[in-house]
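Here is what each chain is made of, one letter per residue.
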Amino acid sequence: MMADDKSNAAAYWKANVRLIFGCLVVWAFVSYGCAILFRPLLASISIGGTDLGFWFAQQGSILTFIALIFFYAWRMNQLDKKYGLGE
Amino acid sequence: MSQFAINLLFVGASFALYIGIAIWARAGSTKEFYVAGGGVHPITNGMATAADWMSAASFISMAGLIASGGYANSTYLMGWTGGFVILAMLLAPYLRKFGKFTVPDFIGERFYSPTARVVAVVCLIIASVTYVIGQMTGAGVAFSRFLEVPSTWGIWIAALTVFFYAVLGGMKGITYTQVAQYVVLIVAYTIPAVFIAMQLTGNPIPMFGMFSTHSESGVPLLQKLDDVVVALGFQDYTADVDNKLNMLLFTLSLMIGTAGLPHVIIRFFTVPKVADARWSAGWALVFIALLYLTAPAVASMARLNLMTTVYPEMTGQVEDYEAAAAEPILYEDRPAWFQTWEETGLITFNDLNDDGRIQFYNDANAGFEGTATERGWAGNELTVNNDILVLANPEIANLPGWVVGLIAAGGIAAALSTAAGLLLAISSAISHDLIKNTINPNISEKKEMLAARISMGGAILLATYLGLNPPGFAAQTVALAFGIAAASLFPVLMMGIFSTRMNSAGAVCGMLAGLTCTLLYIFTYLGWFFIPGTNMLPNTPDNWFIGISPLSFGAVGALINFAVAFAVSSVTAPPPREIQELVESVRYPKGAGAAIDH
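Rules used throughout
- Residues numbered from 1 in each chain as written.
- Chains lettered and ligands numbered in written order.
- Predicted model: local features only at pLDDT ≥ 70, side-chain atom pairs only at ≥ 80, totals over all residues.
- UniProt positions renumbered as here; feature names shortened; annotations may be inferred.
- Helix = DSSP H or I, 4+ residues; strand = E, 2+ residues; numbered from the N terminus.
- Rg over C-alpha atoms; globule rule 2.2 N^0.38 Å.
- Axes fitted to C-alpha atoms, helices over the stretch in contact; angles between N-to-C directions.
- Parallel < 35°, antiparallel > 145°, perpendicular 65-115°, else oblique.
- Contact = placed C-beta atoms within 7 Å.
- Nonpolar A, V, L, I, M, F, W, Y, C, P; charged D, E, K, R; others polar.
- Domains from an automatic or database assignment.
- Core = buried A, V, L, I, M, F, W, Y, C linked by C-beta atoms within 7 Å.
- Buried ≥ 20, exposed ≤ 12 C-beta atoms within 10 Å, placed from the backbone.

Per an unreviewed UniProt entry, the recorded name for chain B is Cation acetate symporter, and the organism is Vreelandella malpeensis. Its UniProt record, at the heading Subcellular location (unreviewed entry), says of chain B: "Membrane". On record in UniProt, under Sequence similarities (unreviewed entry), the comment for chain B is "Belongs to the sodium:solute symporter (SSF) (TC 2.A.21) family."

Here it is, written out as structure tokens:
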């Protein structure tokens, strides 16, 4: 592998790891945060007979998970192209 | 047409479909047998993955668990979906790029160690075999309830059908039957849910109906449910939990366990490209979410329906809950579905105070004892098995007979699709990792195929035997499967991709440490090898180490795995040059062919 290729691949990997980190922060925030730890803080926001934390636990986190995977797949396709490392 | 004939028709038609697909999708090469030829469209694979993943537990038991536990059991909803996020970002694309057939294949090559491969095979087999027991018994229950055959017959019929398409078609046959099974199970799950949401809230979409107004009382549905259950001494449905650490760790364990289960991971080896593996994970979660977003609605509505069936006075607007609670239904006035399920023993009634009425309340609540005594109640008289909520849903809501038939076919589809995926993971680990890569590397492709088919047959026989004679610990084995996947397989797979420095010694020590600690913790509370009475400490929250239940320990085991692996790896020699290059090559998609043989 040539030196240029190598630093290009390293930059691609760095960008990927950064993207994963960002996505996992959101992943943890909605599930462990909004649905579990911060539920008491969200108690004042009511939604359909209960509070926002309950909605995140039974609906919101799942919907966010779907959005996250599609966002990641879309961004990675862009990165694959940008760094010329796609198939 | 009688209900029995309708059920037979639905189940029979779905089985004919699976067998037809099996004949059409026969496997001609090891590549077709292990990874369906590697050309499955990402949306097709997403659908197959959804059926592969959603087991009898998701279809039959999960809504019942949420109905009885309320908010506290949201852990299952988040845990069994959130795992796909880490699967899509941390494992699936890179393992697809690596391009081999099995999970131990990656571990064996990445850690250049036959020991690592064999440890991985052992973990895979324990996790998958324990998991498959539940599927066989689940199929047996569905058969015996809906087709009025003894559950022994049901298990044999299920085993023969799986044998037919899994042995003949391998991953190729399994993929296309799973797509058909997904359609059957999702239709079966959502139709009754839509009808019930309409009846209770006027909103046909269950996930919205759950947060709307309950038509008969004019109160929001969840608030109505809270009021009703509290009047009977149960905990609020939406009540918060005190032990947040345990709830968090349990969710995390389910998530990383999901990502580490081999039968789910191998589904991503079947798509043509690395980018497809990412999209496919997204589609899988969309198809899973159709059921998982509906399940909490089914749970809350079924719980309310059950309560108002027993206490009809609580159905509408209630001025005085005290008065409404005083008049539960007379036992002789119980509805027809109640009687059907009594025959199965899953609903039982015992008239403790001999008043002919069904008192259904929480007699374990000490604070409620005074109220109960005042009302002349002598204890809870009704026990309802959680598992019947989904199965009895159409009957509770008075839906036509064909919906009941659909539920029967759906429950069986959910159990069979997961069983087939697990059986493939087991048989490929035996024929590919043990026979081809460890014992006899010179085996011809034809012989390897034969070995794969024989190990598949053997795995089905073992699963059938365990389904017929379920060990006493059947219910606890799910904890075991997730604990092992979370504490042993997930961490090594992740370190194998994200750390070029991780070496063989680190991986093997990490896997063994994670596995041992998790097993010790589970056995301490649930008994050695689940033998009753051999537990060292009673399995109650006061005895748990800083409040962590044995079910939640997988996440801690994973942490131990990571820590030990890094410690051992840092004091031993780095992996050889070519392994570090291999790790770098799995990190970008360029140069990935179809899954290759070697």
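In terms of helices and strands, chain B carries 24 helices and 2 strands. A globule of 598 residues ought to have a C-alpha radius of gyration of about 25 Å, and chain B, at 25 Å, matches this closely. Projecting the C-alpha coordinates of chain B onto the three principal axes gives extents of approximately 80 × 55 × 40 Å.

Quick look at the packing of helix 18 (residues 388-396) of chain B against helix 19 (residues 401-439) of chain B now. All names here are of chain B. Look at helix 18 against helix 19: their axes get within 9 Å of each other, and the N-to-C directions meet at 170°. Looking at the two axes, helix 18 sits roughly antiparallel to helix 19. Only Val403, Val404, Ile407 and Gly411 of helix 19 make contact with helix 18, whose side of the interface consists of Leu391, Pro394 and Glu395. A breakdown of the residues in the contact of helix 18 with helix 19 according to their chemical character gives 5 nonpolar, 1 polar and 1 charged.

Further remarks concern the domain arrangement of chain B. Residue and element names in this part refer to chain B. If you check the domain split of chain B, you get domain 1 (3-301 + 398-469) and domain 2 (314-385). Inter-centroid distance (C-alpha atoms) of domain 1 to domain 2 is 36 Å. Listed as interface residues are 10 residues of domain 1 and, on the opposing side, 12 residues of domain 2. For the side of domain 1 that touches domain 2, the residue count by class is 4 nonpolar, 3 polar and 3 charged.

Counting residues at the interface gives 42 residues for chain B and 36 residues for chain A. For the side of chain B that touches chain A, the elements supplying multiple residues, two or more each, are helix 5 (74-98), helix 10 (221-231), helix 11 (244-260) and helix 13 (274-292) of chain B. Ranked by residue count, the leading element in the side of chain B that touches chain A is helix 13 of chain B, at 10 residues. Of the residues in the side of chain B that touches chain A, the class split is 27 nonpolar, 8 polar and 7 charged.

With respect to the helices, strands and loops of the structure, Pro192 of chain B is situated in helix 8 (residues 151-201). Once residues lying within four places of it in the same chain are set aside, the contact partners of Pro192 of chain B are Asn393, Pro394, Ala397, Leu399, Val403 and Ile407 of chain B.

A separate point is the nonpolar core. Grouped together as the largest cluster of nonpolar side chains are 237 residues, with contacts concentrated most on Ile69 of chain A together with Leu185, Ile412 and Leu423 of chain B. Here the element with the most residues in this core is helix 8 of chain B; it accounts for 21 residues. When residues no more than four places from it in sequence are discounted, the contact partners of Leu423 of chain B are Val132, Val162, Ala166, Met456, Ala459, Ile460 and Ala463 of chain B.

Residue and element names in this part refer to chain B. The phi dihedral of Tyr112 is positive, around 35°, even though this residue is not glycine. Along the polypeptide, Tyr112 turns up in the loop between helix 6 (103-110) and helix 7 (114-146). Despite not being glycine, Ile546 has its phi angle at roughly 30°, a positive value. Mapped onto the secondary structure, Ile546 falls in the loop between helix 22 (504-526) and helix 23 (553-570).

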